[in-house]
Amino acid sequence: MLSNINEHSHKIVCSLDTNEKLQSVRKMMHLISTSHYVILQKDLWQNLHDFETKNDTWSMKISKSIARDHCTCQTITPSKHSIEQRQKMIHRQMTTSGMELQEHFLDLLTWTQQCSPPIDIHQITEMMDKCVENGLRRLKDKFNYKKTMLQNNYNDHEAITKFYSLHPSEEQIYLAKKIWQSVAAQLKVKERQEILRKRISLRRLPSSVDRSVDQAVDNIREMLESSVINDDERANLTSQCSKTITQFKCDVMVLTLATMENIIRGHVKEAAELKQKFLSDHSHRSQLTIKELYEAIENRIETMRIRLNIQSNLTPSQMAMFIKGLQYVIPCQSRFRHRTNKQIIQEQYEMLLNTVTNCLRDNCMSASDKRAQEAFSELKKFHHLFIIEGVVYSQIFMTGSKMTHLGWTRVK
C-alpha cells in the first residue's frame, strides 16, 4: 500500500529491509489511524452537541408507531449528559494517542537517520498519513453521511410538525398520511431500481439470482462431465449453456426493472388521486387553509426526496452514468511517450489477446488448441496491419462471449 502512494514511495519501501523496520512503520501507521479515528469521533459528537443546542432537540423523541405512520425515521437523541461524557472520554483518548504518537515518532526518527542512505522522515510520515487517509475514506464518508442525515431527519420532522400546526381535520390527516405512504413506497422502489441498475452496470447481480440460476443448471453441468461426450461437442454444449444462462439473467433483470417501473407509476397515480381528493375536500375549511395544508404536504414530500438522494449517495449525473453505461473515452496520449511504435503495438496486442483468451475461458472453450493458435496468429497480423496503416479502433464492447465492433476511426 505504501509503495503506491507517490513516485518516491517505492524507493523508501525498499529501504525497509528488516522485520524491525517494518514493524515500526506498521505500529506508526496504526497509531496514526487511531488518532484519525478519534478525531473523526470528536467531530461527529461535537456536531451532534452543536446541532441539538442550536435546534433545542435535547428531549426530542419520536416513537416507532408515529415514525411508521408518517414514513419517517425513529429519533431518540442522546441526552446532553451522555454527549458531554462521551466528549470527555474522546478528549482522554486524544491525549493518550498524541503521547504515543510523539514517543514512537522519536523512535522512528532515530532509526531512519541510521539507515544507509538515511530515509527522509518527512517523506515517510507523509506517505503514512496519505495511506491512512485513503484507508479511512469510507469511514469518513460514513460519518459525513450521519451528519447530513441528522439535519435531513430534523427537516423532515419539522415539515410534519408544520402540517399539524395548521390544525387539520381527521380526514385531512388520514389523506396526508396516505399520500406520504404512497410517496414513500414510490421512493423506496425507485431506490431499489437505481441500486439494481448500478449492479447491472457493474455486472454484479444479486446473489439470489446467481444462486437460483446455478442451482437450475447444476444437473446439466454434471451431465456435461460425462466421458462419452466428444470434447468438441462438450465445448459447444457448454458454450450454449453459458449463453442461455446469460440471456436468462438478462431477461430476468429486464422483467424486474419493467415491474419496478410499473409499480412506481402505480404509486405516482395513487398519490395524484389522493392529492386531488384532498384538494376537493372543502368541508368546514376555507380555500386558503386547504392551500396551506397542501403546501405543507408538498414540502414534506420534498424533504422525503432529499433524504432519498442522500441515502442513495449518488448525484443525478452519476446515476445517469449507471443507467446509460460508461462512455468511451479516448486514452490520454501522454501514456505513449518514451515508447517505440513496436512496443506500443505489442502491448496493445497483448491486451487484446488477454481479453479474447478470458472470453474463451469464460465460455469453457480452449485457448491452446490448433484453431485458437491460428486465430491468434491472424489476429496479430490483422492488428499490426491496421495500426501500421494508421487505423485506430475506437470502441470494442464486450458482451458475454462475443465482441461487437462499434466503430472504426481512420487517422489521417
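Residues numbered from 1 in each chain as written. Predicted model: local features only at pLDDT ≥ 70, side-chain atom pairs only at ≥ 80, totals over all residues. Heavy atoms only, no water.

Describing unusual backbone geometry
At cysteine 71, a residue that is not glycine, the phi angle is positive and equals roughly 55°. If you trace the backbone, cysteine 71 turns up in the loop between helix H3 (64–69) and helix H4 (80–114). Note on cysteine 71: relative accessible area 23%, which makes it partly exposed. One non-glycine residue with positive phi stands out, namely histidine 167, at about 55°. (Helix = DSSP H or I, 4+ residues; strand = E, 2+ residues; numbered from the N terminus. Buried < 20%, exposed > 50% of the residue type's maximum accessible area, 1.4 Å probe, protein only.)

Topic: the packing of aromatic side chains
Centre distance and the angle of the planes are the two values used to describe a pair of aromatic rings. Following the criterion strictly, the structure yields 4 aromatic pairs and no others. Seen from their ring centres, phenylalanine 51 and tyrosine 154 are 5.4 Å apart, and the 90° between their planes marks the pair as edge-to-face. With a gap of 103 residues between them, phenylalanine 51 in helix H2 (residues 19–55) and tyrosine 154 in helix H6 (residues 137–165) connect regions that are remote in the sequence. For tyrosine 154, a relative accessible area of 15% corresponds to the buried category. Each residue in the set Phe163, Tyr164 and Trp180 is aromatic and connected to the rest through ring pairs, giving one cluster. It is arginine 300 that lies over the ring of tryptophan 180; its NZ or CZ is 5.0 Å from the centre. (Phe/Tyr/Trp six-rings, centres within 6.5 Å; stacked < 30°, edge-to-face > 60°. Lys NZ or Arg CZ within 6 Å of the ring centre and 35° of its normal.)

Examining helix H9 (residues 231–279)
Over its 49 residues, H9 runs 72 Å from end to end, which matches the ideal 72 Å to within 8%, given 1.5 Å per residue. A distance of 2.8 Å separates the backbone nitrogen of aspartate 232 from a side-chain oxygen at the start of H9, and that oxygen is part of asparagine 230. (Expected span 1.5 Å × (residues − 1). Polar contact = N/O pair within 3.5 Å; in protein donor to acceptor, adjacent residues only side chain to side chain.)

Regarding helix H8 (residues 207–224)
Side chains of residues three or four places apart in an α-helix project in the same direction, reflecting 3.6 residues per turn. The terminal C-alpha atoms of H8, which comprises 18 residues, lie 24 Å apart, in line with the 26 Å expected from a rise of 1.5 Å per residue. At valine 217, H8 shows its largest bend, some 45°. Against the buried residues of H8 lie H9. (Bend = angle between axes of the 7 residues up to and from the residue. Contact = heavy atoms within 4.5 Å.)

Describing the pattern of salt bridges
Tallied over the entire structure, the rule returns 3 salt bridges. Notably, a salt bridge pairs arginine 300 with aspartate 156, separated by 2.4 Å at the nearest N-O pair. One end of the pair, arginine 300, is in helix H10 (residues 287–312); the other, aspartate 156, is in helix H6, and 144 residues separate them in sequence. Residue arginine 300 is classed as buried on the basis of its relative accessible area, which comes to 0%. (Salt bridge = Lys/Arg side-chain N within 4 Å of Asp/Glu carboxyl O.)

Comments concerning the nonpolar core
Grouped together as the largest cluster of nonpolar side chains are 19 residues, with contacts concentrated most on Phe163, Trp180, Val183 and Ile297. Put simply, the parts of the chain that give this core at least two residues each are helix H7 (170–202), H9 and H10. At 8 residues, the largest contribution of residues to this core is made by H7. If we skip the residues at most four places from it in the chain, valine 183 touches Ala271, Ile301 and Met304. (Core = buried A, V, L, I, M, F, W, Y, C linked by side-chain atoms within 4.5 Å.)

A word on the packing of H2 against helix H5 (residues 121–135)
With their axes 10 Å apart at the nearest point, H2 and H5 run at an angle of 55° to one another. Between H2 and H5, the angle falls in the class oblique. Taken as a pair, H2 and H5 cross one another with a handedness that is right-handed. Here Val25, Met28, Met29, Ile32, Ser33 and His36 of H2 lie close against H5, whose contacting residues are Ile124, Met128, Asp129, Cys131, Val132 and Glu133. Looking at the contact of H2 with H5 residue by residue, the classes come out as 8 nonpolar, 2 polar and 2 charged. (Axes fitted to C-alpha atoms, helices over the stretch in contact; angles between N-to-C directions. Parallel < 35°, antiparallel > 145°, perpendicular 65-115°, else oblique. Left-handed = near helix turned anticlockwise from the far one by under 90°. Nonpolar A, V, L, I, M, F, W, Y, C, P; charged D, E, K, R; others polar.)

Some thoughts on the environment of phenylalanine 143
Tracing the backbone shows phenylalanine 143 in helix H6. Take phenylalanine 143: its relative accessible area is 6%, and that puts it in the buried class. For phenylalanine 143 and aspartate 43, which are 100 residues apart along the polypeptide, the C-alpha to C-alpha distance reads 9.0 Å. Excluding its chain neighbours within four sequence positions, the residues that come into contact with phenylalanine 143 are Tyr37, Leu40, Gln41 and Leu44.

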